[in-house]
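Now for the letters of each chain:
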Amino acid sequence: MSGHISERLKKAIRWRKQRTVPLNDLFVRFQQILEQNNTALQLIADMEDKLGGEYVFDRKYLEDAVANIQEAVMRSAVNFNFICDNKHLDIYGVVEELNKQLKQELAGQIVIPSHEVILTFGEITAAMKEAVGNKAYNLSRVTTLPNADVPAGFAVTIAGFRKYLAYNNLFDRIEGLLDSTGKDGRTVEAVSQSIRLLILGGDIPPDLRRDILRAVEKICPGNPEAAFFSVRSSAVGEDGEMSFAGLHDSFLNVPFRELLASFKKVVAGLYNPAGLEYRARRQVPHTDLAMAVLYQPMVACRVAGVAYTIDPNAPSEEASLIGAGWGLGKVVVEGRAAVDTYRVSRYPPYAVIESRIGEKQWMVVLPDSARSVEVPPELRRQPCLTPEEVVRIEETVLTVERFFKRPMDIEWGLDAEGRMWILQARPLGIARGSRGRSPELKAVMERQTVLMENQGVIAYRGIGAGPVWPVDDDESLDRFPSGAVLVSRFAIPLLARVIPRASAVITDVGSPTGHMATVAREFRVPTIVDAGVATEILKAGQQVTVDAERNVVYEGRIDGLLHHQLLERASFETTYEFQLLRRLLRRIAPLTLIDPESPEFTAQGCRSFHDVLRFIHEKSTLTLAQIAEDPGFLRAHGGKRLKTEVPLNLILIDIGGGLDEGVQKAGWVLPEQIRSQPMKALWEGLGGPDTWSTRPIAADFKGLMSSITRTQSAAIAGQSLAGLNVAVLGSNYLNLSLRVGYHFTVVDACLGPQPEKNSIFFRFLGGATDITRRSRRAALLLSILEKIGFKVEGKGDLVIARSTNSTLEQGWDYLYLIGRLIGFARQLDILMTDDTSVNLYFERFMAACHMCPGGPYILKEGRR
Amino acid sequence: MKHKTTICILDDEPIVGDRLKPELEDDGYEVEVFTDSASAVRRVGETCFDIVITDLKMQGVDGMEFLDKVKERCPNSQVIMITGYATIETARESFVRGAYDFIAKPFRIGEIRDVVKKARRRVQKQQA
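Residues numbered from 1 in each chain as written. Chains lettered and ligands numbered in written order. Predicted model: local features only at pLDDT ≥ 70, side-chain atom pairs only at ≥ 80, totals over all residues. Heavy atoms only, no water.

(A) Representation of the overall build of chain B in the model. Of regular secondary structure, chain B possesses 5 helices and 6 strands. Seen through its C-alpha atoms, chain B measures out along the principal axes to roughly 40 × 30 × 25 Å. Every one of the 128 residues in chain B was classed for burial, and the buried ones make up 51%. Put simply, of all contacts in chain B between residues at least 6 apart along the chain, 64% involve residues at least 24 apart. Total accessible area on chain B stands at roughly 6,200 Å², and carbon and sulfur atoms take up 49% of it. (Helix = DSSP H or I, 4+ residues; strand = E, 2+ residues; numbered from the N terminus. Buried < 20%, exposed > 50% of the residue type's maximum accessible area, 1.4 Å probe, protein only. Contact = heavy atoms within 4.5 Å. Areas by Shrake-Rupley, 256 points an atom, 1.4 Å probe, with all protein chains shown as cover.)

This is how it looks when you write it as structure tokens:
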């Protein structure tokens, strides 16, 4: 470790020899990077806010917003290369490539990056519908929902499809054949036949072949050669608003050796006569034709069937229909044999209104899905489903419906172990009106008691209803019931875990640009934030309807309003501008570069502007820290030592307004001479009397651990003196790098009166002990940081926590707590000998900071 | 039956009318939507709307001209200007020319509903 540091020192000295740029210029550039990054992140958050549906925005807005972000990113990249002496010129290429893709998207072209030839369900995000087709897209969304298991799967994307056609030189030949339709008496059938033969005769490019087989192994680990698969078409538009459903070929029970041939068969199916005619009638241009292919292992179902979340023949009767038969779902889907049918209430406790038990003669079971076999006589008149199973199916399919905001047609199955699987999910073909709320509905609503009106801001538009479930501690969070209305004082990232199960979310405090709101939009949960009084007005268990279109909360459940959302009003999400926004954001907002220690943490690894900003921030912070590591060098440039009892060798550099003006001449400063807001806040915690007590644990614990404590704390005190620590201060800015013991901590914070300019970044890494103990400590830090309101990421012993847009008071508390945490954590890894210690120290820290251990995790009033 | 408050929306981006029409209809207004200023001008020649919502920057007749035409023919119409190029100057100019209010794009649906509600009160006061 010490070798590592001296290497860095050498580097810093080398750097000093190479460059003659004044240190102040570097800091000015660095501050510009911070400002530009903040601007860009704010613009990104604003764009994401538009996903909530409450804003009316047009194309011009999208063009302007993209241009503004591009400008901020580009300026940041230029300043970054100034700081690091042009060592990262490749970042320009990455930015250029993203700019190109954004330009294409804005011009109406759908861009699918060439590295996305194959995507597993877990890799498919909300903006990738056009890449994987509707069938794969819908199922990938279901995989993110609670209680809904989907067999693992992957899609060969449109990019893979195009790769296949290009490799076999098929584009022009298919185009020519399509154009010849109708000429010289060429029928659609003849054209279709010729194209399909061309496709079936092609070769799969070797890399695509390899990628498919690799992905098969991923979704079916162990012995894929012995498994059977479904290989299905997933065309763009299919199973979506335009229904191509059933026009394309799908293959069930495909053995391993036929997986590649099936790819060609499914692709060829795109050009079957029915599909060609359908598209000709709808005037879908041929150039837009593309087919993704979905692979999944077969599930050996004991019982399977179909569920319609709303009875299409009686939509107003609040009932779902479930059809069930023995074995695979084929019998039920094809409707050619008698099955069981259940009519189930759409509302808890999901009573069965009517059940018709059919005389089930035939079923299909694996391994031979092509043939029907006779149902054993004793099972024929027996209901396929127990009452409990009906409830489970109903609950799950309603969760799926709540997400899609449409009545759904869902294929499900139960395997021998009783596990429930979702096999297909598509909107039910009920024509949707575009009517406003009817006079009858308005009359019903006028009679309803209004509990809250125009309180707060809508973060995601929609209607949700259910019992109020206040979340104010760990227990209420863990026990959150599916379908309840989540009510919380704060919109903290911690809530993200249960949001997919909520029918609506209301918080007293919070911002539509915060992380929790982003999650609510991702899961399409109607959400109102900053509502002020929700936790006072809404009582636990009370039934409410949240109208997050008009910003009203009603007492009771208004079925008509829920129906209106499902059946009458096309979602704002179907508009072109909204979909374009989502596709644009795909190049802008996702953060995939998380671990700075990973080999992918490079300019080339950046997949979005957010990645680029992250990369620039990380690298420029480190570059500055490296430059600033030589104390002599620092003092020559105005660095001052902080005079304090605390065993920290901390050098402060003022880049404007960070220190009292009276300290110019002296080589040291006192803590009370610090003017930097974020440093003052941090120091309140870091320099506090309890933080650095040589006894790391409270008195009642002393007896148990005294021997360890004595020896370890002495060693730790010695280590921390040797650390080399630098803080760069501005009036509203702090960049702190600390080497305390063997840990490397970075705090980068902007804190001032304007919340939109405030941000806190905290990184903690390293330690003297083995990786297990260090990871335990990381787990502890992550859980503390998450509980007090940070967005956290961690891997191994790395801890990253972030917060944006906090108020001055809140940000102050956060930095105070981080200060305490740095002191608290410095020797924890040594003490954390087993996993139970994580909980123990968590309680201890919370108690030391006067927070209730069960939550809510906020500092008590009057602490200061 | 009581007369419904009528609204004319003019914006060359169809999304604006598409999103606003159902929302305002839910609030009980009668809404007509136009995406080209020529047909909106023609329609205003036929009838006076209680409230007019218009984009500022458009091809052909722009929002400021449209405002003039509306005010000339229907002085009692309340005109709300919307635009993506929000500057104090344009706002001030549209007020001088008789606009009722000014909203910057992109805007929240709740925001425009409030402005429209206030404009309706003004209309009703004038009619009383």
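Next, the rest of the story.
(B) Highlighting the overall build of chain A. Scanning chain A from N- to C-terminus turns up 28 helices and 31 strands. Buried positions account for 57% of the 864 residues belonging to chain A. Partitioning the contacts of chain A with sequence separation of at least 6, the portion at a separation of at least 24 is 66%.

(C) Up close: the state of the cysteines. Residue and element names in this part refer to chain A. Throughout the structure, instances matching the rule amount to 1 disulfide over all chains. With no disulfide of its own, Cys 220 lies 15 Å from the sulfur of Cys 301, the closest cysteine sulfur. The buried category is assigned to Cys 220, whose relative accessible area is 12%. With no disulfide of its own, Cys 606 has Cys 84 as its nearest cysteine by sulfur position, at a separation of 13 Å. (Disulfide = S-S within 2.5 Å.)

(D) Focus on the layout of surface pockets. Residues and elements named next belong to chain A. The volume enclosed by the second largest pocket comes to roughly 1,200 Å³. Along its surface, the second largest pocket is lined by 41 residues, and His 115, Glu 116, Thr 592, Gly 605 and Arg 607 are the ones closest to its centre. Taken together, the elements giving at least two residues each to the lining of the second largest pocket come down to α4 (90-106), β2 (118-120), α9 (206-219), α20 (576-588) and β30 (791-795). Broken down by element, the residue count for the lining of the second largest pocket peaks at 7 residues, all from α4. For the lining of the second largest pocket, the class distribution of residues is 15 nonpolar, 12 polar and 14 charged. (1 Å grid on protein atoms, 1.4 Å probe; cavity = no way out; pocket = protein on both sides within 12 Å on 5 of 7 lines; lining within 4 Å. Points joined across faces, edges and corners; volume = space filled by probe spheres on them. Nonpolar A, V, L, I, M, F, W, Y, C, P; charged D, E, K, R; others polar.)

(E) Summary view of the side chain of A:Glu116. Note that A:Glu116 resides in the loop between α4 and β2. Those residues in contact with A:Glu116 that lie beyond four places of it in its chain are A:Met128, A:Thr157, A:Ala159 and A:Arg586.

(F) Summary view of the sheet that holds strand β17 (residues 463-471) of chain A. All names here are of chain A. With respect to topology, 8 strands assemble into an open sheet ordered β15-β22-β21-β17-β18-β19-β20-β16, the strand pairing being mixed. The strands lining the two open edges of the sheet, one partner per strand, are β15 (450-453) and β16 (457-460). Sheet twist, expressed as the mean angle between neighbouring strand axes with direction ignored, is 25°. Pairing between strand β18 (residues 485-488) and strand β19 (residues 504-507): 4 bridges, direction parallel. (Pairing = 2+ DSSP bridges. Axes fitted to C-alpha atoms, helices over the stretch in contact; angles between N-to-C directions.)

(G) Region of interest: the nonpolar core. All names here are of chain A. Of all hydrophobic cores here, the largest spans 105 residues; its most connected members are Tyr 271, Leu 385 and Trp 412. Top contributing element to this core by residue count: helix α14 (residues 387-404), with 7 residues. Tyr 55, Ile 69, Leu 624 and Cys 750 belong to the second-largest nonpolar core, a separate cluster that totals 55 residues. (Core = buried A, V, L, I, M, F, W, Y, C linked by side-chain atoms within 4.5 Å.)

(H) Expanded view of the interface of chain B and chain A. Tallying the contact residues gives 19 residues for chain B and 24 residues for chain A. Among the residues of chain B in contact with chain A, B:Arg19, B:Asp26 and B:Arg108 are the three that bury the most area, contributing 36% of the side total. Scanning the region where chain B abuts chain A turns up 5 salt bridges. Note that A:Arg550 is salt-bridged to B:Glu23, the shortest N-O span being 2.8 Å. Counting the contacts that link chain B with chain A gives 12 residue pairs in polar contact (both at pLDDT 80 or more). Put simply, the parts of the chain that give the side of chain B that touches chain A at least two residues each are α1 (14-26), β6 (107-108) and α5 (109-127) of chain B. Class assignment of the residues belonging to the side of chain B that touches chain A gives a composition of 8 nonpolar, 2 polar and 9 charged. (Buried area = accessible area lost by both parts, 1.4 Å probe. Salt bridge = Lys/Arg side-chain N within 4 Å of Asp/Glu carboxyl O. Polar contact = N/O pair within 3.5 Å; in protein donor to acceptor, adjacent residues only side chain to side chain.)

(I) Geometry of unusual backbone geometry. The step from A:Pro348 to A:Pro349 runs through a cis peptide bond, and the omega angle for that step is 5°. Within the secondary structure layout, A:Pro349 lies in the loop between β9 (340-345) and β10 (352-356). Each neighbour pair has its own omega, and for B:Lys105 with B:Pro106 the value is -5°, a cis peptide bond. Structurally, the position occupied by B:Pro106 is in the loop between β5 (101-104) and β6. A positive phi angle, close to 55°, is found at A:Asn253, a residue other than glycine. Within the element layout of this structure, A:Asn253 appears in strand β5 (residues 250-255). Classification of A:Asn253 as buried rests on a relative accessible area of 10%. Even without being glycine, A:Tyr350 reaches a positive phi, approximately 60°. Counting through the fold element by element, A:Tyr350 comes out in the loop between β9 and β10.

(J) Structural view of α14(A). All names here are of chain A. An ideal rise of 1.5 Å per residue puts 26 Å on 18 residues; α14 measures up with 26 Å between its terminal C-alpha atoms. Among all positions of α14, only Glu 389, Val 390, Ile 393, Glu 394, Thr 396, Val 397, Leu 398, Thr 399, Val 400, Glu 401, Phe 403 and Phe 404 are buried. Looking at the residues trailing α14, positive phi occurs at Lys 405, about 60°. (Expected span 1.5 Å × (residues − 1).)

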